[in-house]
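Residue-level structural notes
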Amino acid sequence: MEKLRYLKKHSFRHLRRIMNKSLLIYTIIFLLVLFFKSHVSTASEYASEIFSKIRTENLDISESLGSYSKGCLAGAKYLPSNQSYYDALKPSRNRYWGHPNLINFIEEISQKIYSQYGNGILIGDMAMPRGGPMPFGHKSHQNGLDVDIFYQRKPDYQMQRFDLETYQPKSILTENQEEIQNDLWSNYHHELLEIISKNKMVTRIFVNPVIKKKLCIQAIEKNDTDWLKKIRPWGGHYKHFHVRLECPQESGSCISQTPVRDFHGCNEELDNWLKKDKIFESNSNKIKKWILLSDLPKSCKKVIQ
Ligand SMILES: [Zn+2]
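In what follows, the accompanying structure is described. It should be emphasised that the depicted structure is a prediction, and the values quoted were computed from it without experimental measurement.

Definitions and cut-offs
- Residues numbered from 1 in each chain as written.
- Predicted model: local features only at pLDDT ≥ 70, side-chain atom pairs only at ≥ 80, totals over all residues.
- Helix = DSSP H or I, 4+ residues; strand = E, 2+ residues; numbered from the N terminus.
- Buried ≥ 20, exposed ≤ 12 C-beta atoms within 10 Å, placed from the backbone.
- Contact = placed C-beta atoms within 7 Å.
- Expected span 1.5 Å × (residues − 1).
- Core = buried A, V, L, I, M, F, W, Y, C linked by C-beta atoms within 7 Å.
- Pairing = 2+ DSSP bridges.

Observations concerning the overall build of the protein chain
Within the protein chain, the regular secondary structure consists of 9 helices and 10 strands. Taking all 305 residues of the protein chain together, 34% fall into the buried category. Restricting the contact set of the protein chain to residue pairs at least 6 apart, pairs at least 24 apart contribute 77%.

Here you go:
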């Protein structure tokens, strides 16, 4: 009897020891699976994939966060479509969002152009509803302060959705991208860029180096080159130019670029840009692809919630 009790007691202890051991092993396996799962999903979720899946804005107070090339946008506003002064092309891309300063800028500048020249302007990409890196097309346009504006004027008919999706604005450069198409270029383009450059909210305008050269020649002739310092040469940009606004005062986490030098930049700097390979568009997709959520400001995690 005593022996039986002893056996029972010990086999129970043995069983408990085995159970504790297996529980420990299962817990370790569970934690390892959890760790690898979270690690793998973070690695595969590039910020561009996360941000491009979100189709609506959030309702936070509007704030541009981070830099133009590593940032995001809280409380984005959308650019109203079908206006007489401007139209936004390719609405299906859902990139017509921006900081309220950008929306106000587009409305103000397009009305000014309309009253002076009798035509509206055509708007290209701005930002996605929460900003962030785009899966294709741009390295910047992330914190709601960048907008592309086409050289071609807005047609004077009411553009329907189909027109907005399919309209193909012309290049202002020849096919080899080495010369301006003189039959397409006019004083209007020179003045359009001058008016926008003189706007206080604008910090930089990116144009093709060939176009900057044209502006330099005309501005030097007129002895009015001060506004050219904001006009920065960049490859591509032959159908549109890219306007960048300065950080809004109330966006404390917005990272400004170094201010432009107080110089028109029409000499050696431009010659360097005019070297053949620098007039073409650079492929920034490779860089964007590798931007992870953890590369953006921490506050961008709240923006995508
Ligand atoms: Zn752009």
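From this point, the discussion proceeds with the structure in view.
A few points about helix α6 (residues 209-222)
Compared with an ideal rise of 1.5 Å per residue, which puts 14 residues at 20 Å, α6 spans 20 Å between its outermost C-alpha atoms and is within 8% of the ideal. Of all the positions in α6, only Pro-209, Val-210, Ile-211, Lys-212, Lys-213, Lys-214, Leu-215 and Ala-219 are classed as buried. Where α6 is buried, its residues contact α5 (187-197), β8 (202-207), β9 (231-233) and α7 (268-273). Two residues or fewer past α6, Asn-223 is found with a positive phi of approximately 55°.

Examining unusual backbone geometry
Phi is positive for His-141, close to 60°, though the residue is something other than glycine. Here His-141 lies in the loop between β6 (121-123) and β7 (146-153). For Asn-223, which is not a glycine, the phi torsion comes out positive at approximately 55°. Turning to its location among the elements, Asn-223 is positioned in the loop between α6 and β9. You can call Asn-223 exposed: it has 6 C-beta atoms within 10 Å.

What to know about helix α3 (residues 100-117)
With 18 residues, α3 extends 26 Å from end C-alpha to end C-alpha; this agrees with the ideal 26 Å at 1.5 Å per step. Taken from the residues just after α3, Gly-118 is the one with a positive phi, measuring 80°.

A look at the nonpolar core
Counting residues in hydrophobic clusters, the biggest one holds 56 residues, and the most contacted among them are Leu-102, Ile-106, Ile-123 and Ile-205. If you tally residues by element for this core, the top one is α3, at 6 residues. The residues contacting Ile-106, other than those within four sequence positions of it, are Leu-79, Tyr-86, Ile-123 and Val-147.

Here we look at the environment of Tyr-167
Inspection of the secondary structure puts Tyr-167 in the loop between α4 (161-166) and α5. Separated by 78 residues in sequence, Tyr-167 and Leu-89 place their C-alpha atoms 7.4 Å apart. Non-local contacts of Tyr-167, meaning those with residues more than four positions away in its chain, are made with Leu-89 and Met-159.

Some details on the environment of Phe-105
Position of Phe-105 among the secondary structure elements: in helix α3. As a C-alpha pair, Phe-105 and Leu-245 span 140 residues in sequence and 8.8 Å in three-dimensional space. If we ignore the near neighbours within four places in the chain, the residues touching Phe-105 are Asn-199, Met-201 and Leu-245.

Focus: the pairing of β7
The pairing of β6 with β7 spans 2 bridges and is antiparallel. Across the sheet, residue Ile-123 finds its bridge partner in β7, namely Ile-149. Of the strand pairs in this sheet, β7 and strand β10 (residues 240-245) are connected by 5 bridges, and their pairing is antiparallel. When the bridges of β10 are listed, Ile-149 appears paired with Phe-241.

Details of the pairing of strand β1 (residues 63-66)
As judged from the 4 bridges shared by β1 and strand β2 (residues 71-74), these two strands associate in the antiparallel manner. Bridging from a neighbouring strand, Gly-66 pairs with Gly-71 of β2. Between the end of β1 and the start of β2, which pair antiparallel, lie 4 residues.

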